[in-house]
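Letter by letter, the chains look like this.
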Amino acid sequence: MGMVGGGPGAFIGEVHRKAARMDGQVEFVGGAFDINPRKSKQMGKELNLNPKRVYKDYKEMIVKELQLPDGERMDFVTVCTPNNWHFSIAKDLLDVGFHVMCEKPMTLTTKEARELVKIVKKTRRVFGLMHNYTGYPMVKLARDMVNNGEIGKVRKIVVQYPQGWLATALEKTGQQQASWRTDPKQSGASGCGGDIGTHAENLAEYITGLKMTHLCAELTAFVKGRKLDDDANCLVKYNNGARGVLHASQVSVGEENNLAIWVYGEKGGLEWHQEHPNYLSVKPIGQPTQVWKRGNDYVTSYSQAAGRATRLPSGHPEAFFEAMANIYLNFTDTVKARMMRVKPDSLVLDFPDVHDGLRGMLFLETLVTSAKSKQKWTKFKK
Ligand code: NAD
């Protein structure tokens with residue numbers, strides 16, 4: 001494994017480094033960690049890496065890694081830079097034969113996303129997208145329950161992702177994560193929508209297997225002088241006729257990462273909360289609500305995918321690191337299968353990919369178009 005991004009003081013790079021290695025299958029060998037070459041070297045030292053494999057930028061990394069023999073060279077590279085870099089770095093890596101794990105949102109525009117779909121197809125490399133919330137066992141259980149018809153035809157989906165950390169002009173203090181997230185050149189056309197709205201969209205589509213078709217949206221920048229939205233509210237239509245509400249916010253004071261989803265079908269409902277990820281509420285019609293708890297035999301025997309994504313016995317909580325490790329487990333097993341020229345089974349192929357990335361970008365395009373429009377209801381482009 002190599003990495004681009006994740007330098008000193010970065011947020012998600014270190015989470016990737018820990019999660020990818022949780023199952024002992026991955027060796028982390030180097031990278032180009034920071035936009036500042038000096039800081040990239042500093043990160044390499046902190047990580048005790050071989051200095052020869054700590055690069056000043058990703059272009060040097062590609063050239064030097066390609067000179068190494070098979071088996072020594074990086075097999076895959078994780079891209080965890082701000083959004084504006086994802087496309088060019090992923091493209092350059094895929095074009096010369098590396099498999100790629102990329103952070104979300106996948107690109108800055110749908111045009112880039114469509115191009116990346118073509119590049120992945122052409123190069124036959126494995127491409128993973130880090131929508132880590134679909135790595136939770138109870139999310140996989142929910143997906144399997146919907147798929148098995150447990151709650152009947154889905155009618156309504158409510159999904160939310162409120163945070164409160166951008167309720168003040170944090171970007172004006174120079175705070176690293178706030179600075180680029182509020183800059184359209186680095187973040188994209190929507191701030192809050194791109195940063196966390198795409199996670200909500202991906203979660204709803206993953207659990208239900210449905211596709212959003214139309215949005216009626218409003219985007220607001222509450223904090224004075226902020227160029228991008230910090231609050232997003234939308235009504236949603238799905239391809240089976242279901243209706244929904246999706247809201248995401250970074251000015252919901254007091255909220256941390258309150259991602260949650262409610263799915264209602266003709267025969268029952270499901271409810272899951274990211275801040276309490278080991279539990280899934282199941283609400284069969286006319287019966288008391290059940291709370292299914294991760295790690296129990298009744299979960300692993302119902303859902304093979306949930307079982308594969310479980311490491312600890314029930315009652316010992318698993319959370320953010322484990323969910324990301326589950327995405328890595330399936331991604332790296334797929335990379336290994338590709339190298340050995342065998343076909344992975346559907347349990348292994350259960351990780352977000354370039355098509356999910358395109359869905360995320362179509363969601364953002366529709367969100368922004370609807371928010372700017374007078375007629376409001378806006379159809380997803382194909
Ligand atoms: P960050 O600002 O904390 O870190 C970004 C790092 O990338 C910095 O070290 C920076 O120097 C480096 N960088 C920038 N351009 C580079 C380049 N061209 N080459 C090498 N390094 C470069 O940002 P973050 O919060 O870690 O977010 C990074 C990405 O991860 C974003 O796309 C964000 O949307 C995504 N993210 C995803 C999740 C999740 O739950 N999946 C959570 C947080 C962030």
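Residues numbered from 1 in each chain as written. Predicted model: local features only at pLDDT ≥ 70, side-chain atom pairs only at ≥ 80, totals over all residues. Heavy atoms only, no water.

## With respect to the sheet that holds strand β9 (residues 243–249)
Strand-to-strand pairing in sheets goes through backbone hydrogen bonds, with the strands running parallel or antiparallel.
At step 1: Read from one edge to the other, the open sheet built from nine strands follows the order β13-β12-β11-β10-β6-β9-β8-β7-β14, with strand pairing classed as mixed. The open sheet is flanked by β13 (290–293) and β14 (378–379), the only strands paired with a single partner.
At step 2: Pairing geometry for strand β6 (residues 154–162) and β9, over seven bridges, is parallel. When the sheet's bridge partners are listed, proline 162 is paired in β9 with serine 249.
At step 3: Its contacts with the sheet place helix α6 (residues 137–147) against β6, β11 (268–273), β12 (279–284) and β13, and it is angled at close to 25° to β12.
At step 4: Across the sheet, helix α9 (residues 192–208) is in contact with β6, β7 (212–220), β8 (231–238), β9, β10 (260–265) and β11; its angle to β9 comes to roughly 150°. (Pairing = 2+ DSSP bridges. Helix = DSSP H or I, 4+ residues; strand = E, 2+ residues; numbered from the N terminus. Contact = heavy atoms within 4.5 Å. Axes fitted to C-alpha atoms, helices over the stretch in contact; angles between N-to-C directions.)

## Some points on the pattern of salt bridges
At step 1: Enumeration according to the criterion identifies 20 salt bridges in this entry.
At step 2: Across the pair aspartate 95 and lysine 91 runs a salt bridge, and its minimum N-O distance is 3.2 Å. Highlighted residues: aspartate 95 and lysine 91, both in helix α4 (residues 83–95), separated by four residues, approximately one helical turn.
At step 3: Lysine 91 sits in the partly exposed class, given a relative accessible area of 25%.
At step 4: For aspartate 144, the salt bridge identified is with arginine 143, shortest N-O distance 2.8 Å.
At step 5: Classification of aspartate 144 by relative accessible area gives buried; the value is 14%.
At step 6: Connected through salt bridges with shared partners, the residues Lys140, Arg143, Asp144 and Asp350 form a single ionic network. (Salt bridge = Lys/Arg side-chain N within 4 Å of Asp/Glu carboxyl O. Buried < 20%, exposed > 50% of the residue type's maximum accessible area, 1.4 Å probe, protein only.)

## Observations concerning the site of the ligand
At step 1: Contacts to the ligand come from 28 residues, most closely from Phe11, Ile12, Asn83, Asn132 and Gln177.
At step 2: In this structure, an oxygen atom belonging to the ligand sits 2.7 Å away from a side-chain N or O atom of asparagine 83.
At step 3: Measuring from an oxygen atom of the ligand, one finds a side-chain N or O atom of histidine 86 at 2.9 Å.
At step 4: Here the ligand has 840 Å² of accessible area as a free molecule, and 95% of this is covered by the chains.
At step 5: Elements with a contribution of two residues or more to the shell around the ligand: β1 (2–5), α4, α7 (176–181) and α9.
At step 6: The element contributing the most residues to the shell around the ligand is α7, with four residues.
At step 7: Classifying every residue of the shell around the ligand gives 13 nonpolar, 10 polar and five charged.
At step 8: Shared between two domains, the shell around the ligand takes at least three residues from each, and those domains are domain 1 (2–132 + 345–353) and domain 2 (134–316 + 359–370). (Near = heavy atom within 4 Å. Polar contact = N/O pair within 3.5 Å; in protein donor to acceptor, adjacent residues only side chain to side chain. Areas by Shrake-Rupley, 256 points an atom, 1.4 Å probe, with all protein chains shown as cover. Nonpolar A, V, L, I, M, F, W, Y, C, P; charged D, E, K, R; others polar. Domains from an automatic or database assignment.)

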